[in-house]
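Residues per chain, in single letters:
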Amino acid sequence: MMLELFVYGIVLGSIIALGAIGLTLVYGILRFANFAHGDLMTAGAYVGLFLVSSLFPLIGIPREPLGPFSFGWRMVAAFPVAMAAVSGIAILLDRLIYRRLRQKGSSAVILAISALGASLIVRMVVLILWGGDYRSFFPGVLRPAMELPFGVKIRPDQVLIIGVAALLMVSLYLFLHYTKTGKAMRATADNMELARISGIRTERIVLWTWAIGGALAAAGGVLYGIDVQIHPGMGWNFLLPLFAAAILGGIGKVHGALIGGLVIGVLQQLSTAWLLPTYKPAVAFIGMIIILLVRPQGIFGGETGGT
Amino acid sequence: MSLLVVEGVRAGYNEEVDILQGVSLRVEPGQIVAIIGPNGAGKSTLLKTVFGILRPKEGRIVFDGEEIGGLPPEVIVRKGMSYVPQVRNVFPSLTVQENLEMGAFVREDDYRGRLEEIYQVFPDLREKRHQKVGRLSGGQRQMVAMGRALMLDPKLLLLDEPSAGLAPSAVSAVFDRIMEINRRGVAILIVEQNAKEALRLSNYGYVLTMGRNALEGPGEELLRDEEVGRLYLGRG
């Protein structure tokens, strides 16, 4: 039972980590807490819903599920499109709102409140377009769970969620450490002034950061929708766990957000053995507070800045 | 033709106050030129203005025959000038080699040969090339900072107080490296608190006070100058 909850915690933690990595990347570059990040996950899930339930049926992509999964080619095609779309939304929000405020030298509080406003806008647009009901990507499709050793039951979809999240994170790691743009992103997070002095066009790095953060948030949102039903408030509910994960890992650190996400996901799922699931956000924060009391700089915080 | 010409430059951090109140200087190709003067004279401000971090409000800055006053640093660096700030001059969470690669960011060509040359000038860095710079000593960080700036193979290197905050042994190592860099043909404009050492290795020196030119002359001459000695070299 506990082992099963632990495995479900890894599933949820993978999704939280995808969101928290974007949050921490944006914070690392811009020193800006993007309260709209959870709603970017919502936007990704609903772009996915629109594609698999409205657009792709029209252009004749078949609905049949692939292998043991609950979804088929429609979802395979929708996934990258949703990521690209939310990259665009994130960049748009930056151009329309955040960049203008940055250039005026607005304070951190103004930026944070404007992000809260942006999050409301995204959520309300979703609400207007799709309504407030719980929705499934593929209603009525149920696939049998697999039995793992020690009696752990897991659906093939959930295995795939962990796999896709892991693949995205490995890709991000390779990008940040082995490409010129990725290294420049880490350099900019370390010291933006010196990055400019070195000739790095930091505004372009900011664009890359939003694009990656948005894409990963969308991936998290769609993967969440593959696991359970989506609703317009889902991203907002994710916001506290995202921050808990990012802070827990030492804000600004990508590997910290990954570990933080997994820790928070596992804590949340384990807590359901004793508590109602509605307490999950509280569990995320209590877990974060306890760990920070022991290690105030976060799990990986401290010695050096940056990603 | 002079490599760098600064003429009557006024600049500051805000609209009201000008830290530089009409400063002029020249750097010839291959020279080391030192700027010395008391705290608050505007030495660092002058370097920042030359490199485009601050905009000159008045005056001309000509580099390699081209007017560069008002251009941003990411453009100026592409013209063959590099700058090492006094503080926060490395990327601490990047490795030594990644720091050097960032110095070559604007290069489109293969810079591996240049990397090799940098490791020849700073042999310590080769050993530590896969270590994070945040873990190095102050002197080694200063080497990384200079190495980063040199990756471009610049015509002119701006150094802001390279010896500040270093242990005495590290100070002489840094000055040795500066001489070595210059021998390889890079002109250097250096701001230093350590005026005696800076003038000793310089072809020419300028003394700034209150944002204005006070004195100038060949390094050796300024070293012998009574007034300079009394004011800045601690000779009573």
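Residues numbered from 1 in each chain as written. Chains lettered and ligands numbered in written order. Predicted model: local features only at pLDDT ≥ 70, side-chain atom pairs only at ≥ 80, totals over all residues.

Details of the overall build of chain B
Within chain B, the secondary structure is distributed over 10 helices and 10 strands. Expected size for 236 residues packed as a compact globule is a radius of gyration near 18 Å; at 17 Å, chain B falls within 12% of this value. Along the first, second and third principal axes, the C-alpha set of chain B runs to 45 × 40 × 35 Å. Across the 236 residues that make up chain B, the buried fraction comes to 44%. Residue pairs at least 24 apart in sequence account for 67% of intrachain contacts in chain B once pairs closer than 6 positions are excluded. (Helix = DSSP H or I, 4+ residues; strand = E, 2+ residues; numbered from the N terminus. Rg over C-alpha atoms; globule rule 2.2 N^0.38 Å. Buried ≥ 20, exposed ≤ 12 C-beta atoms within 10 Å, placed from the backbone. Contact = placed C-beta atoms within 7 Å.)

Some words on the sheet that holds strand β6 (residues 81–84) of chain B
The strands that make up a sheet are held in pairs by hydrogen bonds between backbone atoms, and each pair lies either parallel or antiparallel. Residue and element names in this part refer to chain B. The strand order across the open sheet formed by 6 strands is β6-β7-β8-β3-β9-β10, and the pairing between neighbours is mixed. Each having just a single partner strand, β6 and β10 (212–218) make up the two edges of the open sheet. In this sheet, neighbouring strand axes are inclined to one another by 15° on average, regardless of whether the strands run parallel or antiparallel. Sheet analysis places strand β3 (residues 32–36) next to strand β8 (residues 187–191), joined by 4 bridges and oriented parallel. Residue pairing for β8: Ala-34 is matched across the bridge by Ile-190. Packing against the sheet, helix α1 (residues 43–50) makes contact with β3, β6, β7 (156–160), β8 and β9 (204–209), and its axis sits at approximately 145° to β7. (Pairing = 2+ DSSP bridges. Axes fitted to C-alpha atoms, helices over the stretch in contact; angles between N-to-C directions.)

Comments concerning the interface of chain B and chain A
With 21 residues of chain B at the interface, the matching set in chain A holds 19 residues. Mapped by element, the contributors of at least two residues to the side of chain B that touches chain A are α2 (73–76) and α3 (96–103) of chain B. Looking at which element gives the most residues to the side of chain B that touches chain A, the answer is α3 of chain B, with 4 residues. Across the side of chain B that touches chain A, the residue classes break down as 10 nonpolar, 4 polar and 7 charged. (Nonpolar A, V, L, I, M, F, W, Y, C, P; charged D, E, K, R; others polar.)

A word on the confidence of the model for chain B
Residues of chain B with pLDDT of at least 70 account for 98%, and the chain-wide mean is 92. Scoring the predicted complex yields pTM 0.89 and, for the interface, ipTM 0.90. (pLDDT = per-residue confidence, 0-100.)

Observations concerning the packing of helix α5 (residues 156–178) of chain A against helix α8 (residues 202–227) of chain A
Relative orientation and spacing of two packed helices are given, respectively, by the angle between their axes and the distance between those axes. All names here are of chain A. Put simply, α5 and α8 touch, their axes get as near as 9 Å, and they point 170° apart. By the angle class used here, α5 and α8 are roughly antiparallel. Each of Asp-157, Gln-158, Ile-161, Val-164, Ala-165, Leu-168 and Leu-172 in α5 lies in contact with α8, whose residues at this interface are Ile-212, Leu-216, Ala-219, Leu-223, Ile-226 and Asp-227. Its residues assigned to classes, the contact of α5 with α8 comprises 10 nonpolar, 1 polar and 2 charged. (Parallel < 35°, antiparallel > 145°, perpendicular 65-115°, else oblique.)

Observations regarding the environment of Val-90 of chain B
Residue and element names in this part refer to chain B. The residue Val-90 is located in the loop between β6 and α3 in this model. Assessed through the 28 C-beta atoms surrounding it within 10 Å, Val-90 is described here as buried. Taking the C-alpha atoms as reference points, Val-90 and Leu-158, 68 residues apart in sequence, are found 15 Å from one another. The residues touching Val-90, leaving out its near neighbours within four places in the chain, are Asn-99, Val-133, Arg-141, Val-144 and Ala-145.

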